[in-house]
Amino acid sequence: MLNIILCGAPGSGKGTQSEPLVRQFGLEHLSTGDVLREEIKSGSPLGQQIDALISRGEFVPDEHMIKLIEQFLDTRADDCKGIIFDGFPRTLNQAHALTELLNQRQLNAVMIDLQVDEQEVIQRLINRGKTSGRSDDNEATIRERLAIYHQRTQPIAQYYRQRGNYYPIDGNGDMQQIAERIRQVVSRLV
Ligand code: C5P
Ligand code: MG
């Protein structure tokens, strides 16, 4: 099984680049942001709490996210070719928990880090905000999300680098060229 943590700033293309990976390598795509947005749509009390956090660009508590991942692994990890973790882990604590959950199942994961210039991600997110309907794709929340990304998510790269499981990718420019850069790395790993 090839499990990929697709990491990168908001707007770096994690969701976009997951699509060709699913097609080319038959991987399962787990977008934790999408799962959270589904919970919001359901209108549940939990969804309302999540909505408030996401609208401010803040994170849902680690315990909730880790439980969500554990459930996914329990229901979907059997006989699948691999999982793309899109949007998780977002904190070092989540990264440690993921290692533990994967270890328990004799699995591991590599990190692909989409590196995109700050100006480009801001522009992409502002453009996406015109049609996404997402409460967090506005300029104030974008800045907050980027600040939190640098502070809490970026340190995870070092964790995977030290484990020898780290693959940075230039995520600037044309979608298809970026997809090709990723494909070259992944095809050496499968
Ligand atoms: O991954 P995505 O950008 O879709 O996530 C949207 C929002 O969902 C994040 O900005 C954050 O508020 C929340 N989230 C989270 N913890 C995760 C993934 C997403 O709190 N692991
Ligand atoms: Mg996404």
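Before reading further, recall that the structure is shown in the block above.
Residues numbered from 1 in each chain as written. Chains lettered and ligands numbered in written order. Predicted model: local features only at pLDDT ≥ 70, side-chain atom pairs only at ≥ 80, totals over all residues. Heavy atoms only, no water.

Help me understand the overall build of the protein chain, please; the structure alone is not making it clear to me.
Helix and strand content of the protein chain: nine helices and five strands. Starting at the N terminus and walking to the C terminus, you meet the elements of the protein chain as β-α-β-α-α-α-β-α-β-α-α-α-β-α. In terms of C-alpha radius of gyration, the protein chain reaches 16 Å, essentially the compact-globule figure of 16 Å for 190 residues. Taking the principal axes of its C-alpha atoms as reference, the protein chain extends roughly 40 × 40 × 30 Å. Looking at the protein chain as a whole, 47% of its 190 residues qualify as buried. When contacts within the protein chain are restricted to residue pairs at least 6 apart in sequence, those whose partners lie at least 24 apart make up 76%. Looking at the protein chain as shown, the accessible area adds up to about 9800 Å², and 47% of this sits on carbon and sulfur atoms. In the protein chain, which carries 22 positive and 26 negative side-chain charges, the distance between the mean positions of the two groups comes to 3 Å. (Helix = DSSP H or I, 4+ residues; strand = E, 2+ residues; numbered from the N terminus. Rg over C-alpha atoms; globule rule 2.2 N^0.38 Å. Buried < 20%, exposed > 50% of the residue type's maximum accessible area, 1.4 Å probe, protein only. Contact = heavy atoms within 4.5 Å. Areas by Shrake-Rupley, 256 points an atom, 1.4 Å probe, with all protein chains shown as cover. Lys, Arg positive; Asp, Glu negative; His and termini not counted. Charge placed at Lys NZ, Arg CZ, Asp CG, Glu CD.)

What am I meant to see in the packing of helix 6 (residues 118-132) against helix 7 (residues 139-153) here?
To describe two helices that pack against each other, one gives the angle between their axes and the distance between the axes. In contact at an axis separation of 10 Å, helix 6 and helix 7 are set at 140 degrees when each is read in the N-to-C sense. One finds that helix 6 runs oblique with respect to helix 7. Every pair of crossing elements has a handedness; the one defined by helix 6 and helix 7 is right-handed. Across from Glu118, Val121, Ile122, Leu125, Ile126 and Arg128 in helix 6, the residues of helix 7 making contact are Glu139, Ile142, Arg143, Arg145, Leu146 and His150. Looking at side-chain class alone, the contact of helix 6 with helix 7 contains six nonpolar, one polar and five charged residues. (Axes fitted to C-alpha atoms, helices over the stretch in contact; angles between N-to-C directions. Parallel < 35°, antiparallel > 145°, perpendicular 65-115°, else oblique. Left-handed = near helix turned anticlockwise from the far one by under 90°. Nonpolar A, V, L, I, M, F, W, Y, C, P; charged D, E, K, R; others polar.)

Can you help me understand helix 5 (residues 92-104) in this one?
Three- or four-residue spacings in an α-helix give side chains the same orientation, since the helix completes a turn every 3.6 residues. End to end, helix 5 covers 19 Å across 13 residues, agreeing with the expected 18 Å (1.5 Å per residue, within 8%). For helix 5, the full list of buried residues reads Gln94, Ala95, Ala97, Leu98, Thr99, Leu101 and Leu102. Buried-residue contacts for helix 5 involve strand 1 (3-8), helix 4 (62-76), strand 3 (83-86), strand 4 (109-115) and helix 8 (155-162). Taken from the residues just after helix 5, Gln106 is the one with a positive phi, measuring 55 degrees. (Expected span 1.5 Å × (residues − 1).)

Help me out: how do you make sense of the site of ligand 1 in this one?
In the vicinity of ligand 1, 16 residues are found, and the nearest of them are Arg37, Glu58, Val60, Gly87 and Arg90. Arg37 has a polar side-chain atom sitting 3.0 Å from an oxygen atom of ligand 1. Ranked by the residues each element gives to the shell around ligand 1, the list is headed by helix 2 (residues 32-42), at four residues. Class assignment for the residues of the shell around ligand 1 results in six nonpolar, four polar and six charged. (Near = heavy atom within 4 Å. Polar contact = N/O pair within 3.5 Å; in protein donor to acceptor, adjacent residues only side chain to side chain.)

Would you mind showing me how to read the pairing of strand 1 here?
Working note: regular strand, side chains alternate between the two faces of the sheet. Within strand 1, six of the six residues are buried, leaving the element largely enclosed by the surrounding structure. Here strand 1 shows no split at all, with Asn3, Ile5 and Cys7 on one side and Ile4, Leu6 and Gly8 on the other all buried. Where strand 1 meets strand 4, six bridges bridge the pair, whose relative direction is parallel. For Ile5, the partnering residue across the bridge sits in strand 4 and is Met111. Examined bridge by bridge, strand 1 and strand 3 share three bridges and lie parallel to one another. Of the residues in strand 3, the one forming a bridge with Ile5 is Phe85. (Pairing = 2+ DSSP bridges.)

I tried to follow the pairing of strand 4 on my own but got confused; where do I start?
Of all the seven residues making up strand 4, six are buried; the element is thus mostly covered by neighbouring parts of the structure. Inspection of the sheet shows strand 4 paired to strand 5 (residues 166-170) by five bridges, in the parallel sense. In the strand pairing of strand 5, Leu114 is matched with Ile169.

I would appreciate a short explanation of the packing of helix 5 against helix 8 in the present structure.
Packing of helix 5 against helix 8 leaves a shortest axis separation of 9 Å and a crossing angle of 35 degrees. From helix 5, Leu92, Ala95, His96, Leu98 and Thr99 reach across to helix 8, where they touch Pro155, Ile156, Tyr159 and Tyr160. Split into classes, the residues belonging to the contact of helix 5 with helix 8 amount to seven nonpolar, two polar and no charged.

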